[in-house]
Structure formats: structure tokens, C-alpha cells
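# Residue-level structure breakdown
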Amino acid sequence: MLLIKDTLVSLDLIERHFVCDLDSCLGQCCIDGDAGAPLLEEERKAIDEHIKEILPLLNPAAQMAIAREGSAYIDPDGDLVTQIVEGRDCVFTTYAEGGKCLCALEKAYREGKLPQLKPSSCHLYPVRLKKVGDMTAVNLHRWKICKCAETLGRAKGVRAYQFLKEPLIRKFGQEWYDELCLTAEQWLKSHA
């Protein structure tokens, strides 16, 4: 672990290669798992403030789930998570040609229709955050469905922290990210 401001950063974030390969995995992280995506209360509020704009982007089953149960729920572990549809899909999952999952929130943001409403847990994935006392541990979650992302990252020479630049800056700020990059470069040079 490396200390960057008030975070403990896993060496995996620096050493591992990673580039999402949506053409291979089809966005399986949006549909696999035992609950919806972790959500901060302020993220739920922001989504709910824009729900009238979001609903038309979703499939009918997702629209009905939100109308019936809201955009989020408390899972068995006591965490606030996005609502799921039919026991598996995140409520914000849409499907493109070939069965590829796309996040309706991300798509609308990229098209300039909505502010960035994608939950930080999704935007940061495969990074997972955990509070450790006054610190935040920044860990790289490894999951078999992301093997293709590791392969593509190696082929392109892109490390996980580089691929995740935008969400890491969104979460921790530019100054934090700049320090991470400097530390990563020094670490990689000294361990080459």
C-alpha cells in the first residue's frame, strides 16, 4: 500500500494493467452480483432530482421497478444500492446491439443530456473503497469477468490508475491524482 494524502492505495492499482473491454465482457459488471451498485445518499438524491429525465431512457421493467420501489434500496448488508430489475440488472442498465450493457446515466452524460450521475462506485470500478479508521483504502477488485480488461490493458500498456483517471479525479481531486501519478512513476521505475 502507498500513502497518498489520506488514502492507502493498493499496489495493484499501479502495477496491474486494465482497460475495460466492453466488446468482450458485454458490461457484465452491470448485471452480475448479489445486489445493486453501492450508492452514496447524495448520489441517490441527485438521481432522484433528475428521475423524470432518466425514466424515458430506461426499459419498461426498470421504469416499473422505480415507480414501485424507488431508484435505490438498502441491501441485506445495510448498504444503499441501486434498484435491480428481475433480480439481476441494475435499474439503469440498457442494452445495445449484441447484448452489450450500457449505463443509461453514463450514456446521457456523454451525450450532454444530464450531469454526471453515474454512481462513483460504478465510475471507479474495478476500484473499491473502504474506510480504515480516518483513511480510505483504494483497492483494485479482481474478478474473472475482467480478465479481458487486464489482457487489453497489457496489450495497450495502460495501467489501472491511468485508465481510471477521470473517476479518480472526480472522487479525490486533481492534486491527489497528480500525486498518485508521480508516486506510481517512481514506484514502477524502482521496481522495473
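Since the model is a prediction, treat every value here as computed from it, not as a measurement.

To continue, consider the overall build of the chain. Helices and strands together make up the secondary structure of the chain, namely eleven helices and ten strands. Against the globule reference of 16 Å for 192 residues, the chain gives a C-alpha radius of gyration of 17 Å, in line with a compact fold. Principal-axis analysis of the C-alpha atoms gives the chain an extent of 55 × 40 × 35 Å. Within the chain, buried positions represent 41% of all 192 residues. Look at the contacts in the chain between residues 6 or more apart in sequence, and 66% of them connect residues 24 or more apart. Surface exposure of the chain reaches about 10,500 Å², of which carbon and sulfur atoms provide 53%. Charged side chains in the chain number 25 positive and 29 negative. The centres of these two groups are separated by 4 Å.

The next subject is the pairing of strand 10 (residues 135–140). Pairing of strand 2 (residues 7–9) with strand 10 involves three bridges; the strand directions are parallel. Looking at strand 10, one finds that Val9 is bridged to Val138. One ladder, built from six bridges, connects strand 9 (residues 127–132) with strand 10; its direction is antiparallel. Paired with Lys131 across the bridge in strand 10 is Thr136. In this antiparallel pair of consecutive strands, strand 9 and strand 10, the connection spans two residues, and Gly133 shows a positive phi of 65°.

The subject of this paragraph is helix 5 (residues 60–69). Within the span of helix 5, buried status applies to Ala62, Ala65 and Ile66. Each buried residue of helix 5 sits inside an arc of 95° when the element is viewed along its axis, so together they form one side. Projecting away from the buried face of helix 5 at angles above 90 degrees are the exposed residues Pro60, Met64, Ala67 and Arg68. Measuring from the backbone nitrogen of Ala61 back to the side-chain oxygen at the start of helix 5 gives 3.0 Å, which picks out Asn59 as the cap. Positive phi shows up at Gly70, right after helix 5, with a value of about 90°.

A few words now on the sheet that holds strand 10. Strand order in the open sheet formed by four strands is 1-2-10-9, and the pairing between neighbours is mixed. Every other strand in the sheet has two partners, leaving strand 1 (2–4) and strand 9 as the edge strands with one partner each. Averaged over all neighbouring strand pairs, the angle between strand axes comes to 30°, with direction disregarded. Contacts between helix 11 (residues 174–190) and the sheet are confined to strand 1, strand 2 and strand 10, with strand 1 contributing the most and set at about 150° to the helix.

Quick notes on the rules
- Residues numbered from 1 in each chain as written.
- Predicted model: local features only at pLDDT ≥ 70, side-chain atom pairs only at ≥ 80, totals over all residues.
- Heavy atoms only, no water.
- Helix = DSSP H or I, 4+ residues; strand = E, 2+ residues; numbered from the N terminus.
- Rg over C-alpha atoms; globule rule 2.2 N^0.38 Å.
- Buried < 20%, exposed > 50% of the residue type's maximum accessible area, 1.4 Å probe, protein only.
- Contact = heavy atoms within 4.5 Å.
- Areas by Shrake-Rupley, 256 points an atom, 1.4 Å probe, with all protein chains shown as cover.
- Lys, Arg positive; Asp, Glu negative; His and termini not counted.
- Charge placed at Lys NZ, Arg CZ, Asp CG, Glu CD.
- Pairing = 2+ DSSP bridges.
- Arc of directions from axis to C-beta.
- Polar contact = N/O pair within 3.5 Å; in protein donor to acceptor, adjacent residues only side chain to side chain.
- Axes fitted to C-alpha atoms, helices over the stretch in contact; angles between N-to-C directions.

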